[in-house]
Amino acid sequence: MKSLVLQQPSLQTEDSPPTFGGFGFILKLGRKRNMFLPQDRKAILQGIGLDTWVEQEEILDHPARIKLVAGGERAGKSFLGALSIISKLDEFEDGDIVWLVARDYERTRAEWNYLTDILHRLGFLIKQTKRIDPGSMTIACGSSENPGTFQIKTKSAQDHRSL
């Protein structure tokens, strides 16, 4: 089982990269390379009425395993965080877990809402909790011959022992 962690920068450890002014997120990906072609992602998003900026596409398409994204308010960081998970939909297998981790549960709300909206529009969202403290959603993955589900869960760093 592999996992993908979308981490708010305030949760830095000694060996994590620095952040700028507390804005942004750190995306840590598994070792498997993105198999979703950029034009496939763009076509799928346009099919449900969403579009990305060139700068967001550059970040999503960059091969780095760990990416640090910084920007001001309303710069599209949370949307980009959700898209980073959407861009990996073809890589998730039955039983995988994606963690949305932040200082507190409320700071996962923007990514949670974007994911809920996008996954619902795509038809992959099977179920989700109404609350995000903690929150969990079940997403369809696999193929018609080998169907499965993976989970997206929220986590708070209020109690660092639970991380």
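Preceding block: the structure.
Residues numbered from 1 in each chain as written. Predicted model: local features only at pLDDT ≥ 70, side-chain atom pairs only at ≥ 80, totals over all residues. Heavy atoms only, no water.

(A) Looking closely at the packing of aromatic side chains. Counted by the stated rule, this structure contains two aromatic pairs. Aromatic pair Phe 79 and Tyr 114: ring centres 5.3 Å apart, planes at 65 degrees, arrangement edge-to-face. One end of the pair, Phe 79, is in helix H3 (residues 77-86); the other, Tyr 114, is in helix H4 (residues 109-122), with 35 residues separating them in the sequence. We classify Phe 79 as buried; its relative accessible area is 11%. Arranged with centres 4.3 Å apart and planes meeting at 20 degrees, the rings of Phe 92 and Phe 150 form a pair that is stacked. In this pair, Phe 92 is assigned in the loop between H3 and strand S4 (97-102) and Phe 150 in strand S7 (residues 147-156), connecting sequence segments 58 residues apart. Like Phe 150, Phe 92 is buried. (Phe/Tyr/Trp six-rings, centres within 6.5 Å; stacked < 30°, edge-to-face > 60°. Helix = DSSP H or I, 4+ residues; strand = E, 2+ residues; numbered from the N terminus. Buried < 20%, exposed > 50% of the residue type's maximum accessible area, 1.4 Å probe, protein only.)

(B) Expanded view of the pairing of S7. A one-sided burial pattern is seen for S7, the buried positions being Gly 148, Phe 150, Ile 152, Thr 154 and Ser 156 and the unburied ones Pro 147, Thr 149, Gln 151, Lys 153 and Lys 155. Across seven bridges, the pairing between strand S6 (residues 136-142) and S7 is antiparallel. Within S7, the position partnered with Met 137 by the bridge is Ile 152. Count of turn residues in the S6/S7 antiparallel hairpin: four residues. (Pairing = 2+ DSSP bridges.)

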